[in-house]
Amino acid sequence: MHRGSFILNLIKVQPERVQSAALAQPIGRIGAMAPGRPARFNAWAETLTDHPEATPQVLDAFCRNLYAAGFVYCVDRGFVSTVRTPCLVLAGNDEAHPYPISEELSKLLPNCEFIAEWKTGADLTTARARVKEFLAKHTPR
């Protein structure tokens, strides 16, 4: 799920269109980009059999464009610290959605709420209620 990055980019380019944002499992990278392309990118690239323009060089450039920036890929920490849009971050907990990225986002975003655990059981029930409350609170009438 890359929607967190897309939402942050939308806030960057057209902030007036976003009243509030719930970022579930923000994608990102900690540290340097590993050599080569990620396995998930290669799996997607293998589906492009009917696209002769998708040469190895084009795919390498596309991959670098997507992932080389690190952090949340589409905006930097400096920008995130200026976002005034109310945000709710639901933490990720896997390689593509590292918990430390979610945690850092929640600290950098000036108007942010953070949900660390939300995927199962009582945590999921509580998180659903918090998301609804958050969106209701920040949706214009």
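One can find the structure itself at the top, above this paragraph.
As the structure is a prediction and not an experimental result, all values here were calculated from the model.

A word on the state of the cysteines
In this structure the tally under the stated criterion is 0 disulfides. Just so you know, Cys63 is unpaired, no disulfide at all, and the nearest cysteine sulfur is the one on Cys74, 16 Å from it. Overall, the relative accessible area of 1% leaves Cys63 in the buried class. There is no disulfide at Cys112, and the cysteine sulfur nearest it, in Cys87, is 6.0 Å away. The exposure class of Cys112 is partly exposed, given its relative accessible area of 23%.

Quick look at the pattern of salt bridges
Opposite charge on two side chains lets them pair, provided their charged atoms get close. For the coordinates displayed, the defined rule picks out 3 salt bridges. Among the salt bridges present, the one from Asp60 reaches Arg37, with a minimum N-O distance of 2.8 Å. Here the residue Asp60 occupies a position in helix H3 (residues 56-67), and Arg37 occupies one in the loop between strand E1 (21-24) and helix H2 (39-45), the gap between them amounting to 23 residues. Overall, Asp60 belongs to the partly exposed group, its relative accessible area being 33%. For the salt bridge of Arg130 with Glu113, the shortest nitrogen-to-oxygen distance reads 3.5 Å. On the criterion of sequence distance, the pair formed by Arg130 in helix H6 (residues 121-137) and Glu113 in strand E3 (residues 112-115) is long-range, its members being 17 residues apart.

Concerning the sheet that holds strand E2 (residues 87-90)
One open sheet accounts for 3 strands, arranged E1-E2-E3; its pairing is parallel. With partners counted over all chains shown, the strands left at the sheet margins are E1 and E3, one partner each. Going across the sheet, the axis of each strand differs from the next one's by a mean of 15°, ignoring polarity. Direction of pairing for E1 relative to E2: parallel, over a ladder of 4 bridges.

Here is what the cut-offs are and how they apply
- Residues numbered from 1 in each chain as written.
- Predicted model: local features only at pLDDT ≥ 70, side-chain atom pairs only at ≥ 80, totals over all residues.
- Heavy atoms only, no water.
- Disulfide = S-S within 2.5 Å.
- Buried < 20%, exposed > 50% of the residue type's maximum accessible area, 1.4 Å probe, protein only.
- Salt bridge = Lys/Arg side-chain N within 4 Å of Asp/Glu carboxyl O.
- Helix = DSSP H or I, 4+ residues; strand = E, 2+ residues; numbered from the N terminus.
- Pairing = 2+ DSSP bridges.
- Axes fitted to C-alpha atoms, helices over the stretch in contact; angles between N-to-C directions.

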